[in-house]
Amino acid sequence: MKRERLSRQSWIDAGLKALVAQGPTALAAEPLARALGATKGSFYWHFKDVPSLHEAVTQDWQTRAFARVVESLAEPGNAEQRMRRFGRKLLSDAEEPAFRAWAQNDDAVAKALGQVDAERLTYVANLLKQLGISNPEFAQSCLAALIGMRQLQGKTNAARAYDTMIDLVVALK
């Protein structure tokens, strides 16, 4: 029985899955080949080397993260509703913490993450302006809270804590 040839995207998707499950050290040809039931030759058919896989995985994530911001711009609802949805989506993204951890030791990933965060910050600042709050530091605080919420351990429900913060924002207007 002939196996279907793996695509470049299959390797990228496997890389993303491995990154989330095991961290950036899992982004290597041999473990990914084992996970896909493929050979390292298949890997090297699609990628020059492991750093080119890292670049492709990062670019794939960054493209999708930018697309989510653009999708958020087109969503219906008032600024409060959109702010809440934006936060819930970011908090539920399983890949986000893995990329943040990876960015601590990889300058290219840190740069991509910084570019995504800049777009997110612009979006949050615009929503806050619609709510009558124009202080740029407050927008930074809201985004920082979203980024850091998942790091809290224990009984904290990050989505509920974020909604409480938005309740405070709405009360300020």
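Data block above holds the structure.
Residues numbered from 1 in each chain as written. Predicted model: local features only at pLDDT ≥ 70, side-chain atom pairs only at ≥ 80, totals over all residues. Heavy atoms only, no water.

1. Quick word on the pattern of salt bridges
Working step 1: This structure, assessed with the given rule, holds 15 salt bridges.
Working step 2: Between Asp 163 and Arg 84 there is a salt bridge, with its nearest N and O atoms 3.2 Å apart. Separated by 79 residues along the polypeptide, Asp 163 in helix α9 (residues 158-172) and Arg 84 in helix α5 (residues 79-92) bring together distant segments of the chain.
Working step 3: Exposure remark for Asp 163: the relative accessible area of 18% places this residue in the buried category.
Working step 4: A salt bridge links Arg 120 to Asp 117; the shortest N-O distance between them is 3.3 Å. Remark: Asp 117 and Arg 120 occur in helix α7 (residues 107-130); sequence separation between them is three residues, near one turn of the helix.
Working step 5: Since its relative accessible area comes to 3%, Arg 120 is described here as buried. (Salt bridge = Lys/Arg side-chain N within 4 Å of Asp/Glu carboxyl O. Helix = DSSP H or I, 4+ residues; strand = E, 2+ residues; numbered from the N terminus. Buried < 20%, exposed > 50% of the residue type's maximum accessible area, 1.4 Å probe, protein only.)

2. Notes on helix α1 (residues 8-22)
Working step 1: The end-to-end C-alpha distance of α1 is 21 Å, a good match for the 21 Å that 15 residues give at a rise of 1.5 Å each.
Working step 2: Taken residue by residue, α1 has Trp 11, Ile 12, Ala 14, Gly 15, Leu 16, Ala 18 and Leu 19 as its buried positions.
Working step 3: Buried positions along α1 lie against α2 (29-36), α3 (40-46), α4 (50-74) and α6 (95-103).
Working step 4: Just beyond α1, the residue with positive phi is Gly 23, at close to 95 degrees. (Expected span 1.5 Å × (residues − 1). Contact = heavy atoms within 4.5 Å.)

3. Some thoughts on the packing of aromatic side chains
Working step 1: Counted according to the given criterion, the structure contains six aromatic pairs.
Working step 2: Ring geometry for Phe 43 against Tyr 44: centres 4.8 Å apart, planes inclined by 85 degrees, an arrangement best described as edge-to-face.
Working step 3: Between the aromatic rings of Phe 86 and Tyr 123, the centroid separation amounts to 5.1 Å while the plane-to-plane angle is 55 degrees, which identifies the pairing as tilted. Residue Phe 86 is located in helix α5, and its partner Tyr 123 is located in helix α7; the two are separated by 37 residues in the primary sequence.
Working step 4: Grouped by ring-pair contacts, the aromatic residues Trp 11, Phe 43, Tyr 44 and Phe 47 constitute a single cluster.
Working step 5: Sitting over the face of the ring of Trp 45, Arg 5 holds its NZ or CZ atom 5.0 Å from the ring centroid. (Phe/Tyr/Trp six-rings, centres within 6.5 Å; stacked < 30°, edge-to-face > 60°. Lys NZ or Arg CZ within 6 Å of the ring centre and 35° of its normal.)

4. Thoughts on the packing of α5 against α9
Working step 1: The contact between α5 and α9 brings their axes to 10 Å, and the two run at 155 degrees. Looking at the two axes, α5 sits roughly antiparallel to α9. When you trace α5 past α9, the crossing you get is right-handed. Where α5 abuts α9, its residues Glu 80, Met 83, Arg 84, Gly 87, Arg 88 and Leu 91 lie against Ala 158, Ala 159, Tyr 162, Asp 163, Ile 166, Asp 167 and Val 170.
Working step 2: Partitioning the contact of α5 with α9 into residue classes produces seven nonpolar, one polar and five charged. (Axes fitted to C-alpha atoms, helices over the stretch in contact; angles between N-to-C directions. Parallel < 35°, antiparallel > 145°, perpendicular 65-115°, else oblique. Left-handed = near helix turned anticlockwise from the far one by under 90°. Nonpolar A, V, L, I, M, F, W, Y, C, P; charged D, E, K, R; others polar.)

5. Observations concerning the nonpolar core
Working step 1: Among the nonpolar cores identified, the biggest contains 26 residues, and Trp 11, Phe 47, Val 57, Trp 61, Phe 99 and Trp 102 are the most heavily contacted of them.
Working step 2: Here Val 57 is in contact with Ile 12, Gly 15, Leu 16, Phe 99 and Trp 102, once residues within four sequence places are set aside.
Working step 3: Leu 90, Leu 91, Leu 127 and Leu 128 belong to the second largest nonpolar core, which has 23 residues in total. (Core = buried A, V, L, I, M, F, W, Y, C linked by side-chain atoms within 4.5 Å.)

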